[in-house]
Amino acid sequence: MSTPKRAAAAVVGPIPYREVWRGKIIRFVALLVILLALTILAATMGSAAIGLQDILAMPLGRLADPRAAAKIHILWNIRLPRVVFGLVGGFGLAIAGTVMQAVLRNALASSYTLGVSSAAGFGAALAIGLGLGIWGGKFLIVGNAFIFGLLSMALVYGIATLKGARAGTLILAGIAISYLFSALIALVKYLVQHDVLAGIVFWLLGGLHLATWETVTLLLPIVILPSLWLLLKFPWDLNALSAGDEVATSLGVHPERTRILALILAALITSGIVAFAGVIGFICLVGPHMARLIIGSDHRYLLPYAGLTGAILLLAADTVGRTIIQPTELPVGIVTALLGAPFFLHLLLRSQGYWE
Amino acid sequence: MISIHHLHFSYEKRSVLQDVSFTVQEGEILSLLGPNGSGKTTLLRCFNKILHPQQGSVQVKGQPLGLISLRELAKLIGYVPQQEAVTFPYSVFETVLMGRRPHVGWRLRTHDLDIVQACLRSLNLEHLSHRRVTELSGGERQRVAIARALAQEPQILLLDEPTSSLDLRHQLEVMETVAGLVKSRNMTAVLAMHDLNLAARFSDQIVMLHHGHLFCAGHPGTVLTRGNIRTVYGVEAEIYRRNGFFFVHPLRCARTARGAQTHYPVCPAPNRLDQVLGPQRPQPAKKTEE
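Owing to the predicted nature of the structure, the values given are computational and were not obtained by experimental measurement. (Residues numbered from 1 in each chain as written. Chains lettered and ligands numbered in written order. Predicted model: local features only at pLDDT ≥ 70, side-chain atom pairs only at ≥ 80, totals over all residues. Heavy atoms only, no water.)

Some words on helix 13 (residues 282–295) of chain A
Residue and element names in this part refer to chain A. For helix 13, built from 14 residues, the straight-helix expectation of 20 Å at 1.5 Å per residue is met to within 8% by its first-to-last C-alpha distance of 20 Å. With twelve of 14 residues buried, helix 13 is to be regarded as a mostly interior element. Considered for burial, the residues of helix 13 that qualify are Phe282, Ile283, Cys284, Val286, Gly287, Pro288, His289, Met290, Ala291, Arg292, Leu293 and Ile295. Residue Gly296 follows helix 13 closely and has a positive phi angle near 95°. (Helix = DSSP H or I, 4+ residues; strand = E, 2+ residues; numbered from the N terminus. Expected span 1.5 Å × (residues − 1). Buried < 20%, exposed > 50% of the residue type's maximum accessible area, 1.4 Å probe, protein only.)

A short note on the interface of chain B and chain A
On the side of chain A, 44 residues touch chain B, which itself brings 43 residues to the contact. Of the roughly 3900 Å² buried at the junction of chain B and chain A (both faces included), carbon and sulfur atoms supply 63%. Where chain B packs against chain A, one counts three salt bridges. We note a salt bridge from Lys24 of chain A to Glu94 of chain B, for which the minimum N-O separation is 3.2 Å. (Contact = heavy atoms within 4.5 Å. Buried area = accessible area lost by both parts, 1.4 Å probe. Salt bridge = Lys/Arg side-chain N within 4 Å of Asp/Glu carboxyl O.)

Re the packing of aromatic side chains
Going through the model one piece at a time under the given rule, you end up with eight aromatic pairs over all chains. Considering the side-chain rings of Phe28 of chain A and Tyr305 of chain A, the 5.1 Å spacing of their centres and the 90° angle between planes classify their relative orientation as edge-to-face. In this pair, Phe28 of chain A is assigned in helix 2 (residues 17–44) and Tyr305 of chain A in helix 14 (residues 299–323), connecting sequence segments 277 residues apart. The two residues Phe28 of chain A and Tyr305 of chain A agree in class, both being buried. Each ring, one from Phe122 of chain A and one from Phe148 of chain A, has its centre 5.3 Å from the other, and the planes form 85°; the classification is edge-to-face. One end of the pair, Phe122 of chain A, is in helix 5 (residues 116–130); the other, Phe148 of chain A, is in helix 6 (residues 140–163), and 26 residues separate them in sequence. One exposure class covers both Phe122 of chain A and Phe148 of chain A, and it is buried. Three or more aromatic residues link up through ring pairs in this structure, and these residues are Phe122, Phe148 and Phe181 of chain A. Over the face of the ring belonging to Phe88 of chain B we find Arg292 of chain A, whose NZ or CZ atom lies 3.9 Å from the ring centre. (Phe/Tyr/Trp six-rings, centres within 6.5 Å; stacked < 30°, edge-to-face > 60°. Lys NZ or Arg CZ within 6 Å of the ring centre and 35° of its normal.)

Dropping the structure here:
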């Protein structure tokens, strides 16, 4: 085996791929720096004035001062869980979106495409409007949204096993299911009283106000475990699938099996986030595209990069949303689209050859 | 290297391949010929598990296909599709790198990069290696797909109409590359072809498909006859022979409608060429230089 190896190396000479690789690493570092700065900024911004020096003083434990203790309480119990929630949620949404776009080979695929968002929304609407749910108590809405999100995936999966898991079939089935649940949401909205309707509308707009350490610890494994699986085991297969099912097979990938497994993992992530934070559609659609424009389409780099981009997008949108017209909050779903759409258009217009 | 026995394939109820049997030897280029819809692509896809035939068996290197895992098969057989979906803007390098998928885990070794680089070089793609595939012409994309298949380091190449979107020079380049690889590395290639002359020029063996049946098989000179071309393609043609190669010169559409050809006697038995040689109907005698 050593002879051809040496021969190839002698012919090839310097490998330009190394330079490309270095460029990617630099882009990762830049993104991490932005992420870190944004995290600190988000923790210091808000209706209670907490500066950087307060954060730095926090581990020293100046609990004697009651004003400092109040600040620590706000920072630790209100802002930090929300910041972490924003990071984790954005990370998961963007990774799920990247995976869906890759396996469905469709640049417009998102959690809406497979009906996950609409179904979760319907679950929440049922809980808010009619008090119907699988779990009672505190997690009535969350549990319902989660279960219905997964239910939509099961429906899509059922159709796929009957008709074959081709990308086109899945997209059409998902869109049909999405419409079905949208109609059901409209029905619930139509049936309920005004004050309840306001609750449903507010939930559907999305927001991170539910973030506490408790919800974060519930959300974390739902997002991180499937994400890790996708990040570590799927990049090569997602690359192969983007070239078509035939080519993927010839590269040793089972297209339908891989597609269904990846979609289930993505749906699990999305359902978890949507259950706690409402329908945040923009990030899982546009986060992957932003990342692709910057880092390229190779999923070994794209998946983590998209995740970090999504984390930045959601955290930034949430921070703007809760600080721009204090003390009122703007729903994060509105802010993501208002800020993200122009930025995305800018990237798109500046780049060449991204769309055919 | 590859042998298929009594292969049947149908999509739902539409039968596409019926009782096809033949063998491809190691170091050989075999071309599948036949008009659109005759089952060339389907047959090619049965070789590497993209499609699963309902009856019959495919053996690669003496092993039934069912016993070889998809990943192992990907190290044995490289596949170049007729046209490739380009959804996302991968760079040329990244696309060819996908060919290493059967061989690697998450991380790449220098060895893998060297192979990709060598494949890019052998298809004259080095200067394009950091361009996006979406920016390339059809011919360049075709060469990228071939380079990716080569990066798998396969012993067998399957190419589905590799020259149909290329200009004259690139057609010859691709065929010469494939022929060179087959001879120098003792590989095997199976090509679905539309261009009879390129097939005649580069193939060791030709299999002609007609409505899903194996119509005839053998050396280009014995398969590419006026009668066979009239029956299978519905085209009147003249065959020339020069410097040991056969050239097909199509003249005009044959009088009979293509749909009416089914009642021609067909010869599903492989390698029994004598039964199908010569015109099937009385024709005014025309001289060929065959």
